[in-house]
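# Examination of the molecular architecture
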Amino acid sequence: MPKSVIDILDLTAEEIRELIASAEDIIKDPDRYAHACDRKKLATLFFEPSTRTRLSFEAAMYELGGHVISVPDAGSSSAAKGESVADTAKTVSCYADIIAMRHPKEGAALVASLNAAVPVINAGDGGHCHPTQTLADLLTIWREKGTFDGLTIGLCGDLKFGRTVHSLINALSRYEGIRFVLISPEELKVPGYVKRESIKKRMIPYTQTTDLMSVMPELDILYMTRVQRERFFNEEEYLRLKDSYILTPEKLVSAKKDLCIMHPLPRVNEISVKIDSDPRACYFKQVLNGKYMRMALILKLLKEAGTL
Ligand code: NCD
């Protein structure tokens, strides 16, 4: 079975370091990579809405000289007729050299990887994880801070259903001197399994609070997130919680001068557009970095599968 990336921990810290070096090389000299994946095909299978992740995968493959095949949306694929994820993965393996899959069910990408003959990249499985967003986040932190060690990272918003948060916590838990500040309403705290498997297992210091302002001065990174409406069972609960945190310029008065403000996007209401021109706003840099990290990851997985 070729190597797939379903969870960020499928990549060692050393492999992440190499992916960052590879992405930085692509940024420096994109022409050198323009034919790296000539005649190779990426299949994008997105069974949930997406703008950035899907387009960045597709742009990444085109910039490597490869091709992209996809279904326009889940409703027009055989999944709508009741085909299993396993059968879809076996089928798409006959047409594509690598698959990027997003699915509303936790574990769907894992099932696909166990049945596909080509590498599968998890582009988000329900409220579980989103490893390639984490790669985008890590390159952004690396380029802004020059290190992962010794940072105090504030994660704010929907820490329960936010899959980007779960993957980022797992990834950052491997570095030295990290400290997490988990800021959320009581109802949207980080799930116990995420805390147990990384924060507690690695004895990372962390605090939990509902009050963003009280911790603002401590933070090196502030990772804002959207309340994940599609994962709520109850619309009223969503409406009650959706505007729990809205970052405005006034709230940044006590923040560090070199704070890095991040958001996986899409933003709904969590960050005022007035912050977009603040040099500390890094969320559109994340978008661009995502494309470079996906280029680096596609190259790595195709090489390891013996396709390149
Ligand atoms: C995130 C996701 O899909 O989990 N979006 C993304 O891929 N950049 C975050 C979100 O939807 O809130």
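Residues numbered from 1 in each chain as written. Predicted model: local features only at pLDDT ≥ 70, side-chain atom pairs only at ≥ 80, totals over all residues. Heavy atoms only, no water.

What follows covers helix α4 (residues 108-115). Along α4, the residues that are buried comprise Ala-108, Ala-109, Ala-112 and Ser-113. Seen along its axis, α4 keeps its buried residues to an arc of 135°; they face one direction. The inward-facing, buried residues of α4 contact α3 (85-93), β3 (98-103) and β4 (120-125). (Buried < 20%, exposed > 50% of the residue type's maximum accessible area, 1.4 Å probe, protein only. Helix = DSSP H or I, 4+ residues; strand = E, 2+ residues; numbered from the N terminus. Arc of directions from axis to C-beta. Contact = heavy atoms within 4.5 Å.)

Pairing is parallel across the open sheet formed by 4 strands, whose spatial order is β2-β1-β3-β4. Whereas interior strands pair on both sides, the edge strands pair on one side only; in this sheet they are β2 (67-70) and β4. The mean angle between the axes of side-by-side strands here comes to 20°, regardless of whether they run parallel or antiparallel. Across 4 bridges, β3 lies against β4 in parallel orientation. Across the sheet, the residue bridging to Ile-99 is Val-120, located in β4. (Pairing = 2+ DSSP bridges. Axes fitted to C-alpha atoms, helices over the stretch in contact; angles between N-to-C directions.)

Take the site of the ligand next. In the neighbourhood of the ligand, the contacting residues comprise Thr-53, Arg-102, His-130, Gln-133, Arg-163, Thr-164, Arg-226, Gln-228, Pro-264, Leu-265 and Pro-266. Within the side chain of His-130, one N or O atom sits 2.8 Å away from an oxygen atom of the ligand. Here Arg-163 contributes a side-chain N or O atom positioned 2.7 Å from an oxygen atom of the ligand. Residue composition of the shell around the ligand, grouped by class: 3 nonpolar, 5 polar and 3 charged. (Near = heavy atom within 4 Å. Polar contact = N/O pair within 3.5 Å; in protein donor to acceptor, adjacent residues only side chain to side chain. Nonpolar A, V, L, I, M, F, W, Y, C, P; charged D, E, K, R; others polar.)

Our focus in this paragraph is the domain arrangement of the protein. For the protein, the assigned domains read domain 1 (8-129 + 287-304) and domain 2 (131-283). Put simply, the middle of domain 1 and the middle of domain 2, counted by C-alpha atoms, are 25 Å apart. Taken residue by residue, the interface counts 33 residues in domain 1 and 27 residues in domain 2. Interface area, domain 1 with domain 2, both sides summed: about 2,400 Å², of which 60% is carbon and sulfur. Scanning the region where domain 1 abuts domain 2 turns up 3 salt bridges. Put simply, Glu-48 and Arg-163 hold a salt bridge, and the shortest N to O gap is 3.1 Å. (Domains from an automatic or database assignment. Buried area = accessible area lost by both parts, 1.4 Å probe. Salt bridge = Lys/Arg side-chain N within 4 Å of Asp/Glu carboxyl O.)

A few words on the nonpolar core. Counting 57 residues, the largest nonpolar core has Leu-155, Ile-169, Leu-172, Phe-180 and Ile-298 as the members making the most contacts within it. Of all the elements, helix α10 (residues 283-304) adds the most residues to this core, at 9 residues. Beyond its immediate sequence surroundings of up to four residues, Ile-169 is in contact with Leu-155, Phe-180, Leu-182, Val-190, Val-194, Ser-198 and Ile-199. Counting 20 residues, the second-largest nonpolar core is a separate cluster that includes Leu-212, Leu-222, Ile-261 and Ile-275. (Core = buried A, V, L, I, M, F, W, Y, C linked by side-chain atoms within 4.5 Å.)

Here we take up the side chain of Gln-228. Along the polypeptide, Gln-228 turns up in the loop between β8 (221-224) and α9 (235-241). A residue is classified by how much of its surface remains accessible, and Gln-228, at 9% relative accessible area, is buried. Reaching out from Gln-228, the side chain makes a polar contact with the backbone oxygen of Arg-226 at a distance of 3.1 Å. Ignoring anything within four residues of it in the chain, the contact list for Gln-228 reads Asp-158, Phe-161 and Gly-162.

The next subject is the pairing of β2. The side chains of a regular strand alternate between both faces of the sheet. Two elements, strand β1 (residues 41-46) and β2, share 4 bridges in a ladder whose sense is parallel. Note that in β2 the partner of Thr-44 across the bridge is Ser-70. With helix α2 (residues 52-63) bridging β1 and its parallel neighbour β2, the resulting β-α-β unit is right-handed. (Right-handed = clockwise from strand over helix to strand, strands pointing away.)

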